[in-house]
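Structure at a glance
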Amino acid sequence: MSMTDWLQRPPEPAIDLTAGWSATPAAAGDLTRLRHTLPALAGQRSGPVGEATDLNDLLLAFEELASNGLRHGRPPVRVVVAAIPTGWLLDVSDAATESPPVPTDDRDPATGGLGLPLVAVLSAAHGWTVDGDREHVWARIDAGPPVPSPCRAIPAPRTPV
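Here is a short report on the structure shown in this document. Predicted model, so just to flag it, every value in this text is computed and none were measured. (Residues numbered from 1 in each chain as written. Predicted model: local features only at pLDDT ≥ 70, side-chain atom pairs only at ≥ 80, totals over all residues. Heavy atoms only, no water.)

1. Section: the sheet that holds strand 4 (residues 125–131)
- Spatial strand order, 1-2-3-5-4: five strands in an open sheet with antiparallel pairing. Of all the strands in the sheet, the pair left with one neighbour each is strand 1 (21–23) and strand 4. Within this sheet the neighbouring strands show an average axis-to-axis angle of 15°, counted without direction.
- Here seven bridges tie strand 2 (residues 78–84) to strand 3 (residues 87–94), and the two strands are oriented antiparallel to one another. Looking at strand 3, one finds that Val79 is bridged to Val92.
- Relative to strand 3, helix 2 (residues 53–72) is tilted by about 5°, and along the sheet it contacts strand 1, strand 2, strand 3 and strand 5 (134–142). (Pairing = 2+ DSSP bridges. Helix = DSSP H or I, 4+ residues; strand = E, 2+ residues; numbered from the N terminus. Axes fitted to C-alpha atoms, helices over the stretch in contact; angles between N-to-C directions. Contact = heavy atoms within 4.5 Å.)

What follows is the structure, given as structure tokens:
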């Protein structure tokens, strides 16, 4: 199993998602507005003073998972960001319970499709689950000292043979 696999499992840690900040974007344009509200809501959970890597990871994961929900899911799409002791839990849900997230391994990066592998690398844990009539795709973004760069390397896309 590679670190970019998306396994069906509940969020880590299990939390009450109704306690987090939530939004229901209807179009890609909503994501830009919502992204601008997240830093204030995320609070001061960044690592060393002046280091915003963890917050940037949260913002990037938010954009990737939320845009995937809008693009590939079924409305309504709901995004929740909940503070946890180690950082944040990001949960994006939609009504497309029959289609699990599928990372692309062999696509030309110019055509897109690198969001799930990117979020997998940025997150401390990630996965998906179905709860009732909602599919949830989640990522745990930890806040703290930056991870050494070899661990954060984004896998190179595979070239077709």
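Moving on from the model shown.
2. Brief notes about the pattern of salt bridges
- Tallied over the full model, the rule gives five salt bridges.
- Notably, a salt bridge pairs Glu12 with Arg9, separated by 2.8 Å at the nearest N-O pair.
- Classification of Arg9 as partly exposed rests on a relative accessible area of 26%.
- For the salt bridge of Glu63 with Arg35, the shortest nitrogen-to-oxygen distance reads 2.2 Å. Placement of Glu63 in helix 2 and of Arg35 in helix 1 (residues 28–42) is noted, with a sequence separation of 28 residues between them. (Salt bridge = Lys/Arg side-chain N within 4 Å of Asp/Glu carboxyl O. Buried < 20%, exposed > 50% of the residue type's maximum accessible area, 1.4 Å probe, protein only.)

3. Looking at the nonpolar core
- The biggest cluster of nonpolar side chains holds 26 residues, and the ones touching the most others in it are Trp6, Leu58, Phe62, Leu65 and Leu90.
- When contributions to this core are tallied by element, the ones reaching two or more residues are helix 1, helix 2, strand 2, strand 3, helix 3 (115–122) and strand 5.
- Leaving out residues up to four positions away in the same chain, Leu90 has contacts with Ala61, Phe62, Leu65, Val79, Val80, Val81, Val137, Trp138 and Ala139.
- Val80, Ile84, Leu89 and Ala125 belong to the second largest nonpolar core, which has six residues in total. (Core = buried A, V, L, I, M, F, W, Y, C linked by side-chain atoms within 4.5 Å.)

4. Concerning the side chain of His136
- Checked against the element boundaries, His136 lands in strand 5.
- Within the local environment of His136, its side chain forms a polar contact with the side chain of Asp91, the two groups lying 2.9 Å apart.
- The residues touching His136, leaving out its near neighbours within four places in the chain, are Leu17, Asp91, Val92, Ser93, Gly127, Trp128, Thr129 and Asp131. (Polar contact = N/O pair within 3.5 Å; in protein donor to acceptor, adjacent residues only side chain to side chain.)

All we've got here are geometric facts, nothing functional implied.
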